[in-house]
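# Remarks on the overall topology
Single-letter residue listing:
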Amino acid sequence: MSAAARQNGAALERIPLGIALALLAYSLLAMQDATVKWLVVTVPVCQVLFVRSAIVMTGCLVAGRRELLARAMRTPIMSLLLCRGAVTLAAWFCYFSAARSLPLAQLTTLWFTAPVIVTMLAAPLLRERVGPARWAAVGVGFAGTLAAADPVGLVLSTATALVLLAAILWAIGVLLTRVIARHEPSLVQMLYNNAFFFLATGIVTVLAWQPPTTVQLILLLQVALLGGFGQFCLFEAARRAPASVTAPLEYTALLWAFLLGLAFWDDVPGPPVLVGAALILSAGLMLILAERRGFGRIGTGMRTVR
């Protein structure tokens with residue numbers, strides 16, 4: 001067997017682990033978002049992000065120690081890491097600004113255009129070969145999102161433009177993560193990402209600091225743990241699977257949102273939600289089965305395996 005064939009075979013074997021890590025990441029991040037939703041009723045969003053970033057940064061430095069700090073300081077792709085941090089922060093800002101004016105159904109529908117954008121841009125920007133299975137998974141997943149969110153009366157406005165811009169920025173951030181993952185380990189990425197958020201939210205937080213109660217401190221720690229482990233799994237998934245593979249799996253976060261909404265806020269899902277959930281699960285299963293059977297295309301330029 002040639003070296004190229006062995007390399008392609010190893011890449012294919014890494015994809016299932018990448019899919020599993022992505023699924024775990026989106027479940028953890030969904031639980032983080034649910035905790036944030038609970039927390040921001042009484043604590044400013046900037047303070048939540050500031051504390052989360054501070055705790056995750058500390059965890060990274062404890063785990064990586066001087067070696068991590070030294071590698072972070074001498075990385076040749078510092079500009080890409082800073083760019084990803086800026087793009088991600090801008091996506092959050094646009095999303096939360098739009099959330100003030102848009103109903104949740106419309107907001108969710110527009111936000112979940114991001115996986116479609118990732119798949120569309122993966123081929124020209126990352127030179128990934130996006131096969132029919134991945135396009136089908138994206139299409140079915142987005143159809144499920146439309147059905148579950150059940151948008152009514154969606155009109156073009158400043159808010160809709162903001163959430164679409166947020167989806168585009170998030171998609172760019174996902175693609176940058178895939179590029180960065182080829183050069184730097186997950187801890188370096190996490191350190192930079194959280195340091196950027198820490199500095200960006202620090203001034204506002206210090207000026208408007210609200211002393212947290214014991215319960216709020218526990219919830220802040222929960223946000224940091226869920227967010228930190230979620231980020232780690234997401235970055236590790238990017239190291240193992242192409243962006244066009246992991247992008248459709250982001251739709252599973254919507255299922256977690258519905259389940260957590262039912263568990264903590266008594267949001268009972270109606271028939272459209274159940275139909276959408278079935279489609280989203282089908283999209284994930286389609287993708288996983290296709291990759292396991294070798295029908296997907298990996299990011300190394302390998303032709304479709306049949």
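The text that follows walks through the structure, step by step, so that each part is easy to find.

Thresholds applied
Residues numbered from 1 in each chain as written. Predicted model: local features only at pLDDT ≥ 70, side-chain atom pairs only at ≥ 80, totals over all residues. Heavy atoms only, no water. Patch = residues over 30% accessible without salt bridge, like charges linked within 9 Å, V, L, I, M, F, W, Y side chains within 5 Å. Areas by Shrake-Rupley, 256 points an atom, 1.4 Å probe, with all protein chains shown as cover. Salt bridge = Lys/Arg side-chain N within 4 Å of Asp/Glu carboxyl O. Helix = DSSP H or I, 4+ residues; strand = E, 2+ residues; numbered from the N terminus. Buried < 20%, exposed > 50% of the residue type's maximum accessible area, 1.4 Å probe, protein only. Core = buried A, V, L, I, M, F, W, Y, C linked by side-chain atoms within 4.5 Å. Contact = heavy atoms within 4.5 Å. Phe/Tyr/Trp six-rings, centres within 6.5 Å; stacked < 30°, edge-to-face > 60°. Lys NZ or Arg CZ within 6 Å of the ring centre and 35° of its normal. Expected span 1.5 Å × (residues − 1).

Next up on the list: a nonpolar patch on the surface. Taken together, the side chains of Ile-55, Leu-221, Leu-225 and Phe-229 define a hydrophobic patch exposed on the protein surface, amounting to about 360 Å² of accessible area. Considering each element in turn, the nonpolar patch owes the most residues, three residues, to helix H9 (residues 214-240). Structurally, the position occupied by Phe-229 is in helix H9. Judged by relative accessible area, which is 52%, Phe-229 ranks as exposed.

Of all hydrophobic cores here, the largest spans 43 residues; its most connected members are Trp-111, Phe-112, Val-118 and Trp-170. With eight residues, helix H7 (residues 158-181) is the largest single contributor of residues to this core. Not counting residues within four places of it along the chain, the set of residues in contact with Val-118 comprises Ala-171, Val-174, Leu-175, Ala-243 and Ala-247. The next biggest cluster of nonpolar side chains, apart from the first, holds 13 residues, and it includes Met-57, Cys-60, Ala-72 and Tyr-192.

The subject of this paragraph is the packing of aromatic side chains. In this structure the tally under the stated criterion is one aromatic pair. One residue, Arg-52, lies across the ring of Phe-197, its end atom 5.8 Å from the ring centre.

When charged atoms on two side chains of opposite charge get close, those side chains can pair. Counting across every chain of the model gives three salt bridges. For Glu-184, the salt bridge identified is with Arg-71, shortest N-O distance 2.8 Å. One end of the pair, Glu-184, is in the loop between H7 and helix H8 (186-207); the other, Arg-71, is in helix H2 (residues 45-74), with 113 residues separating them in the sequence. Classification of Glu-184 by relative accessible area gives buried; the value is 3%.

Within the element layout of this structure, Pro-132 appears in helix H6 (residues 132-149). Look at Pro-132 and you get exposed, because its relative accessible area is 61%. In sequence terms Pro-132 and Ala-290 are 158 residues apart; their C-alpha atoms lie 9.8 Å from each other.

Helix length check: helix H3 (residues 78-99), at 22 residues, gives a terminal C-alpha distance of 32 Å against a target of 32 Å (1.5 Å per residue), a fit within 8%. Restricting attention to buried positions, one finds in H3 the residues Leu-81, Arg-84, Gly-85, Val-87, Thr-88, Ala-91, Trp-92, Cys-94, Ser-97 and Ala-98.

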